[in-house]
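# Observations on the three-dimensional arrangement
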Amino acid sequence: MAEPTKPVYLLDFMPDDWRAAVSPYVDPDVVAALSAFVVEQYNSGPVYPRKQDIYAAYKLCPLAATRVLILGQDPYIKPGQAHGLSFSVPPGVPVPPSLRNVYQEMRDDLGVEPPPSGDLTAWCRQGVMLLNAVLTVRAGTPNSHKGHGWENVTDATIRALNDRAEPVVFVLWGAAAKAKAPLITNPRHVVLRAGHPSPMNTSGFLGSRPFSRINAALVAAGNPPVRWSPAMPRL
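Where an unreviewed UniProt entry is consulted, the protein appears under the name Uracil-DNA glycosylase, with the organism given as Dactylosporangium matsuzakiense. According to the UniProt record, the Sequence similarities (unreviewed entry) comment for the protein is "Belongs to the uracil-DNA glycosylase (UDG) superfamily. UNG family." Note on the protein: under the UniProt heading Subcellular location (unreviewed entry), the record states "Cytoplasm".

Right, here's the structure in full:
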């Protein structure tokens, strides 16, 4: 008789450093139920991002290197857009409306031209974690995986960063992200709040100057600033 298939447990696929850090804060029963749900959703698909990209934010930003967290809501819902990083799209994909507003604010805030594409991987490689509160989504249906357990994992991620002795800048755009502020209790960290960059939000984001404020907080803590755009001087 064949051995029974071991159930998928999503934390097993998270990088080792992050898995060790978030595990004390997650509810194993919630993650087990989430794992079964996500497997079923991919089997009945389509679901975004690709399975191998679910933990892209964690892979690109090791725990020890993370110094900024920008929190999004859930992945893009159109084919080819989501690749595991909040607000980012792969090279060659048209820049989505929310990211266009982010780029407009970058230009207004820093006086530089934004990156040539919507791929924000270069930010991640400088310690900027681009995390969504929910890491998967059914194609064409925003928030379709909200409330199924991903929040338990990503809240644990925020708590793990809150535990760090090194200062972290938490960037919370929009009401859903701002609601995570109570998880950040360590006074050595900096929390920056603003409206969501979605074009449907007519106030609260444009003019908030997040990029210069993040860099000011990093420099005040003795860390180098982020090079947000290729047009900026090299660090």
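Back to the text.
### Describing the overall build of the protein
For the protein, the helix and strand inventory stands at 8 helices and 6 strands. N-terminal to C-terminal, the α/β element order of the protein is α-α-β-α-β-α-α-β-β-α-β-α-β-α. In terms of C-alpha radius of gyration, the protein reaches 18 Å, essentially the compact-globule figure of 18 Å for 235 residues. By residue count, 52% of the 235 residues in the protein fall in the buried class. Restricting the contact set of the protein to residue pairs at least 6 apart, pairs at least 24 apart contribute 66%. Counting only carbon and sulfur atoms, one obtains 57% of the accessible surface of the protein, whose full area is about 10900 Å². With 22 positive and 18 negative side-chain charges, the protein shows a spacing of 6 Å between the two charge centroids.

### Concerning the pairing of strand β3 (residues 128-132)
In terms of burial, β3 is a largely internal element, 5 of the 5 residues being buried. Neither face of β3 is exposed, since V128, L130 and N132 on one face and M129 and L131 on the opposite face are all buried. The pairing of strand β2 (residues 68-72) with β3 spans 5 bridges and is classified as parallel. From the neighbouring strand, L71 faces β3, where its bridge partner is L131.

### Some details on the sheet that holds β2
Spatial ordering of the open sheet is given by β3-β2-β5-β6, a layout of 4 strands whose pairing is parallel. Of all the strands in the sheet, just β3 and β6 (190-194) have a single pairing partner and so form its edges. Neighbour-to-neighbour, the strand axes of the sheet open up by a mean angle of 20°, direction not taken into account.

### Observations concerning the UniProt feature "active site" (unreviewed entry) in the protein
Sequence positions flagged by UniProt for "active site" (unreviewed entry) are, in local numbering, D74. Of note, D74 is situated in the loop between β2 and α4 (97-110). Not counting residues up to four positions away in its chain, the partners in contact with D74 are N132, V134, V137, P142, N143 and S144. A distance of 2.7 Å separates a polar side-chain atom of D74 from the backbone nitrogen of N143.

### Overview of empty space enclosed by the protein
With the rule as written, the count across this model stands at 1 cavity of 30 Å³ or more. Here the largest cavity is characterised by a volume of approximately 30 Å³. In terms of lining, the largest cavity is formed by P49, I54, P75, G84, N132 and L135.

### Let's talk about the pattern of salt bridges
The tally for this structure, following the rule as stated, stands at 6 salt bridges. Here D155 ties to K180 by a salt bridge, and the two come within 2.8 Å at their closest N and O atoms. Pair noted here: D155 is in helix α6 (residues 150-162) and K180 is in the loop between α7 (175-178) and β6, with a separation of 25 residues, a long-range link. The burial state of D155 is the same as that of K180; both residues are buried.

### Here's the deal with unusual backbone geometry
The omega angle of the peptide bond from G45 to P46 is 0°, so this bond is cis rather than trans. Put simply, Y48 and P49 share a cis peptide bond, and its omega is -5°. Residue position: P49 is located in the loop between β1 (47-48) and α3 (56-60). Even without glycine at this site, F87 takes up a positive phi of about 70°. F87 gets classed as buried once you look at its relative accessible area, which sits at 10%.

### Side note on the UniProt feature "domain: Uracil-DNA glycosylase-like" (unreviewed entry) in the protein
Look at the UniProt record and you will see "domain: Uracil-DNA glycosylase-like" (unreviewed entry) annotated at residues 59-218. For residues 59-218, helix accounts for 29% and strand for 14%, while the C-alpha atoms at its two ends are 22 Å apart.

### With respect to the layout of surface pockets
Taken as a whole, the largest pocket encloses approximately 630 Å³ of empty space. What lines the largest pocket is a set of 21 residues, among which D74, P75, Y76, S98 and H196 lie closest to the centre. Partitioning the lining of the largest pocket into residue classes produces 10 nonpolar, 9 polar and 2 charged. Space inside the second largest pocket adds up to approximately 260 Å³. Lining the second largest pocket, in full, are V8, L10, F13, V38, V39, Y42, N43, K51, Q52, I54, Y55 and K59. Tallying contributions element by element places helix α2 (residues 28-44) first for the lining of the second largest pocket, with 4 residues. Residues belonging to the lining of the second largest pocket are distributed by class as follows: 8 nonpolar, 2 polar and 2 charged.

The rules we used
- Residues numbered from 1 in each chain as written.
- Predicted model: local features only at pLDDT ≥ 70, side-chain atom pairs only at ≥ 80, totals over all residues.
- Heavy atoms only, no water.
- UniProt positions renumbered as here; feature names shortened; annotations may be inferred.
- Helix = DSSP H or I, 4+ residues; strand = E, 2+ residues; numbered from the N terminus.
- Rg over C-alpha atoms; globule rule 2.2 N^0.38 Å.
- Buried < 20%, exposed > 50% of the residue type's maximum accessible area, 1.4 Å probe, protein only.
- Contact = heavy atoms within 4.5 Å.
- Areas by Shrake-Rupley, 256 points an atom, 1.4 Å probe, with all protein chains shown as cover.
- Lys, Arg positive; Asp, Glu negative; His and termini not counted.
- Charge placed at Lys NZ, Arg CZ, Asp CG, Glu CD.
- Pairing = 2+ DSSP bridges.
- Axes fitted to C-alpha atoms, helices over the stretch in contact; angles between N-to-C directions.
- Polar contact = N/O pair within 3.5 Å; in protein donor to acceptor, adjacent residues only side chain to side chain.
- 1 Å grid on protein atoms, 1.4 Å probe; cavity = no way out; pocket = protein on both sides within 12 Å on 5 of 7 lines; lining within 4 Å.
- Points joined across faces, edges and corners; volume = space filled by probe spheres on them.
- Salt bridge = Lys/Arg side-chain N within 4 Å of Asp/Glu carboxyl O.
- Nonpolar A, V, L, I, M, F, W, Y, C, P; charged D, E, K, R; others polar.

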